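An overview of the molecular structure
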Amino acid sequence: FLMIRRPPRSTLFPYTTLFRSDKAMFQVFFRYQDKDYLQDESDVPFNRDAVNYNWGFSQYLFFMNNNAYFKVYYSQDKDNARGSDWDYNGQEAGSAIHIPLPLDIAFDGNFGYTRRIYEHINSISIINKRRRDKEYDWAIEFTKKLSDNLGISIKFNRIVDDSNVALYNYDREITSFNLKA
């Protein structure tokens, strides 16, 4: 159970973990989140401040003497935003893998697919349609362990959002160098 409180945003995140064997773990969670974006409060349809409810589960399968894993996950969420453009029902599914490599290097890879169906006609849509987004998110990362508590990594992440409202389409590629503590 995890409670984070930093005004003006708060999160409640209860979860449970079930060890089905020494090679498999199942997690289920619920998350309540109060989101507060820094924005002009007068733009009512564009106001993204929201309460988000999210629930889901993950299944882990361990291998290589429990030093590596493969994970699949699924979640559903609902955003109740102050602005009508941002109320949505969403679903996310994906997978991830972690594999240790020689020389204290680890490989991490993941892929996620998110589908959001917005509840109202978008205020900028000239043909009066409700927004529907499909997001594809994948990443690969190599981490070099420097000590028990420190590592460096290089990560490549690509996110493609395909929306039926063209303004919200994007393709983002991020390469980062990270210090991990």
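Quick note: structure is the one above.
In this report, the structure presented in the accompanying data block is examined. (Residues numbered from 1 in each chain as written. Predicted model: local features only at pLDDT ≥ 70, side-chain atom pairs only at ≥ 80, totals over all residues. Heavy atoms only, no water.)

For Leu-179, the position within the fold is in strand 11 (residues 170–180). On the basis of relative accessibility, which here comes to 65%, the residue Leu-179 falls in the exposed class. Separated by 25 residues in sequence, Leu-179 and Ile-154 have C-alpha atoms that sit 9.2 Å apart. For Leu-179, the residues in contact, after removing those within four places along its chain, are Leu-150, Gly-151 and Ile-152. (Helix = DSSP H or I, 4+ residues; strand = E, 2+ residues; numbered from the N terminus. Buried < 20%, exposed > 50% of the residue type's maximum accessible area, 1.4 Å probe, protein only. Contact = heavy atoms within 4.5 Å.)

Turning next to the pattern of salt bridges. Inspection of every chain in the model, using the stated rule, returns seven salt bridges. Asp-148 is the salt-bridge partner of Lys-145, the closest N and O atoms lying 3.6 Å from each other. When its relative accessible area of 70% is taken as the criterion, Asp-148 is described as exposed. Between Arg-158 and Asp-171 there is a salt bridge whose closest N-O contact spans 2.5 Å. (Salt bridge = Lys/Arg side-chain N within 4 Å of Asp/Glu carboxyl O.)

Let's shift gears to the packing of aromatic side chains. All chains considered together, the criterion is met by 15 aromatic pairs. Centre to centre, the rings of Phe-13 and Phe-29 are 5.5 Å apart; their planes meet at 45°, and the pair counts as tilted. Taken together, the residues Phe-13 in strand 2 (residues 9–13) and Phe-29 in strand 4 (residues 24–35) connect sequence positions 16 residues apart. Pairwise contacts between aromatic rings join Phe-26, Trp-55, Phe-57 and Tyr-74 into one cluster. The ring of Tyr-88 carries the charged tip of Arg-116 above its face, separated from the ring centre by 5.1 Å. The residue whose ring lies beneath Arg-131 is Tyr-118, and the NZ or CZ to ring-centre distance is 4.2 Å. (Phe/Tyr/Trp six-rings, centres within 6.5 Å; stacked < 30°, edge-to-face > 60°. Lys NZ or Arg CZ within 6 Å of the ring centre and 35° of its normal.)

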